[in-house]
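# Coordinate inspection notes
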Amino acid sequence: MPSFQGMNPVPGDWKCVSDKCSTLNISTLEQLCDQLFIEESITTQNILFQPDRKTFSVDFNMFCMIDKKGQAQKTLISSMYFVGALLGLIASGFCFDNFGRKKSILAGCFITTVAALIGFFCRNYELLLFIRLMQGFGNFVSGTAVFILGMELMPSSYRNYYNGFIQLIWCIGYPIVAALGYFIKDWNYQYLASSIFLFLTTIPSIFIMESPRFYAIKNDVHNIKISIQKLAKLNGIVLNVEEIELSELDDQRQQSVLQQLKDFMQYPILIVETLIQMLTWFLVAMSYFGFNFSWGSLVPNVYLGYIVAGFNEIVSNLLQVGFVQVTGRRRSMIIFLIGAIGAFLISIIDFEIGNKWTIESISSLVGLVFVSAAFGGAYLYSSELAPTSHRGLVFAMSSGSARIGSFLGPFVINNLYNITHKAVPLSVLSFLALVCIGGMFCLVETGDKDIPAVPADVKERRKHYK
């Protein structure tokens, strides 16, 4: 949304309604920006954009970009979302594994909806930063909890398809965001529309069930049976849960943060697998959001850029599901990362194809297919690698590292490009992808195995690994 809410005026798309503009013969944005800092009678309120569009770039006087300050301020608005996401994931790592998946979903949805509603009343830059912080916090708490819950309710043969479905829903968000940005001219009203949409999509979350796997880790036999009863009813099965005998519950294990930390010390392989996942998430998030928050500078038309990016994500979603189903989780991740490396290196080439489209523009859009496929694959792979007892914590750590990458990504693409040759950041991304490929060889294939419940199952799973 910030890409549309903070659009800058362009030549021919703005006009000044102050008499001073006529007196001073102001006809260019450069002349206007100069006068904004020395003429008290000319303010951002005197500027009309397109001519009835209202953006925070104009309201908060960021479009002049004196000494690139405006660009840095706008990039910070995007990056604050991921600061909030990182804070949310730090908190949710505890909440997922101790309070449950469903409660975390509802809490995250509430925070996100309220933050969007506050955006309707926002009139200053500092409050906008806070709103973006809270949106990131709530979105990643609820979104991650939804994914974990779904994966725990799915049998192993359907997890790949469920993951693909979730990624497809993400793709649908692109045209919705583009439509909101195009048809709603006022950025405050875009926030209002978002809050209404978020409220409506939160309602179904009230009626979902909690994961029986979560209750099993908590040794809550009563609620395990309730969840199983609900699952049976959804599938049209008549089941008397009182006749069910539950086995393999560890009555001696008490789920807590302290116990989770002890498990990491007792089972070092859990640390190794988690670190590999964290590095992979960091790389794909830096690449994914770095490009997705930079289409305004990478392609000639920002609306077309987002529409094509949305279409490419649908392609990547189909690619991901197909490759994972045929080649498995680990091999697919290696293939996707190799494709991303190729796109990064091709983007270094400086060549204009025509109509302001360049090799970099095309390669960035194609590279998004591989990066997005790797992102979806990382979600699926991590959910199956981590044991139920630590799934929330491992997801929070992996997604937390991704949020750091997400924060850095827009700065790398929007700012680092301006102070060094683009070959430098793109080469760094390629090197990190190569390291991640090496890490994949240290992980096991999980598609043909059940989800582990506790760290001991992770160790057992690797007994015959070569």
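Above this text sits the structure in question.
Criteria and cut-off values
- Residues numbered from 1 in each chain as written.
- Predicted model: local features only at pLDDT ≥ 70, side-chain atom pairs only at ≥ 80, totals over all residues.
- Heavy atoms only, no water.
- Helix = DSSP H or I, 4+ residues; strand = E, 2+ residues; numbered from the N terminus.
- Buried < 20%, exposed > 50% of the residue type's maximum accessible area, 1.4 Å probe, protein only.
- Contact = heavy atoms within 4.5 Å.
- Areas by Shrake-Rupley, 256 points an atom, 1.4 Å probe, with all protein chains shown as cover.
- Core = buried A, V, L, I, M, F, W, Y, C linked by side-chain atoms within 4.5 Å.
- Salt bridge = Lys/Arg side-chain N within 4 Å of Asp/Glu carboxyl O.
- 1 Å grid on protein atoms, 1.4 Å probe; cavity = no way out; pocket = protein on both sides within 12 Å on 5 of 7 lines; lining within 4 Å.
- Points joined across faces, edges and corners; volume = space filled by probe spheres on them.
- Phe/Tyr/Trp six-rings, centres within 6.5 Å; stacked < 30°, edge-to-face > 60°.
- Patch = residues over 30% accessible without salt bridge, like charges linked within 9 Å, V, L, I, M, F, W, Y side chains within 5 Å.
- Expected span 1.5 Å × (residues − 1).
- Arc of directions from axis to C-beta.

In this section: the overall build of the protein. Across its full length, the protein holds 20 helices and four strands. Within the span of the protein, comprising 466 residues, buried residues form 51% of the whole. Considering only contacts in the protein between residues 6 or more positions apart, those separated by 24 or more positions represent 79%. Of the accessible surface of the protein, which amounts to about 21500 Å², a share of 66% is contributed by carbon and sulfur atoms.

This paragraph deals with the nonpolar core. Trp281, Leu283, Leu337, Phe344, Phe375 and Met440 are the most contacted members of the largest nonpolar core, which totals 58 residues. Here the element with the most residues in this core is helix α17 (residues 359–385); it accounts for 11 residues. Among all residues touching phenylalanine 344, those that are not within four sequence positions of it are Ser287, Phe291, Val371, Leu426, Leu429 and Ser430.

For the rest of this paragraph, the subject is the pattern of salt bridges. Here the structure, examined in full by the defined rule, presents eight salt bridges. Residue glutamate 152 is joined to arginine 391 by a salt bridge in which the shortest nitrogen-to-oxygen separation is 2.6 Å. You can see glutamate 152 sitting in helix α7 (residues 125–153) and its partner arginine 391 sitting in helix α18 (residues 391–419), a full 239 residues away along the chain. Owing to a relative accessible area of 4%, glutamate 152 belongs among the buried residues under this scheme. When the shortest N-O distance is used, the salt bridge between aspartate 450 and arginine 213 registers 3.5 Å. Of this pair, aspartate 450 sits in the loop between α19 (423–440) and α20 (455–461) while arginine 213 is found in helix α10 (residues 212–217), placing the two residues 237 residues apart along the sequence. Among the residues examined, aspartate 450 registers a relative accessible area of 55% and is labelled exposed. Each of Asp97, Arg101, Glu152 and Arg391 takes part in a single network of salt bridges with overlapping partners.

Further remarks concern empty space enclosed by the protein. All chains considered together, the criterion is met by one cavity of 30 Å³ or more. For the largest cavity, the calculated volume is near 50 Å³. Put simply, the parts of the chain that give the lining of the largest cavity at least two residues each are α13 (268–292) and α17. By residue number, the principal contributor to the lining of the largest cavity is α17, which donates four residues.

What follows covers unusual backbone geometry. The phi angle at asparagine 219 is positive, at roughly 60°, despite the residue not being glycine. Along the chain, asparagine 219 falls in the loop between α10 and α11 (221–234).

This structure, assessed with the given rule, holds 16 aromatic pairs. Their ring planes at 35° and their centres at 6.0 Å tell us that phenylalanine 147 and tyrosine 162 sit as a pair that is tilted. One end of the pair, phenylalanine 147, is in helix α7; the other, tyrosine 162, is in helix α8 (residues 159–183), with 15 residues separating them in the sequence. We classify tyrosine 162 as buried; its relative accessible area is 12%. Aromatic side chains tryptophan 281 and phenylalanine 375 sit 6.1 Å apart centroid to centroid with 85° between the ring planes, which places their arrangement in the edge-to-face category. Of this pair, tryptophan 281 sits in helix α13 while phenylalanine 375 sits in helix α17, and the two are 94 residues apart along the sequence. Grouping residues by exposure puts tryptophan 281 and phenylalanine 375 together as buried.

What follows covers a nonpolar patch on the surface. On the surface, Phe165, Leu168, Ile169, Ile172, Ile176, Phe197, Ile314 and Leu318 cluster together to form a nonpolar patch covering roughly 710 Å² of accessible area. Looking at the nonpolar patch, the elements that each hand over two or more residues are α8 and α15 (302–327). Tracing the sequence through the fold places leucine 168 in helix α8. A relative accessible area of 31% means that leucine 168 is categorised as partly exposed.

Mapped onto the fold, leucine 275 is located in helix α13. Residues leucine 275 and methionine 397 lie 122 residues apart in sequence; the distance between their C-alpha atoms is 8.9 Å.

This part is about α19. Every α-helical turn comprises 3.6 residues, leaving residues that sit three or four positions apart pointing alike. In this model, α19 (18 residues) spans 26 Å end to end at C-alpha, consistent with the 26 Å of a helix rising 1.5 Å per residue. Within α19, burial applies to Pro425, Leu426, Leu429, Ser430, Leu432, Ala433, Cys436, Ile437, Gly439 and Met440. With its buried residues spanning 170° around the axis, α19 presents them on a single face. Turned more than 90 degrees from where α19 packs its buried face, Phe431 and Leu434 sit exposed.

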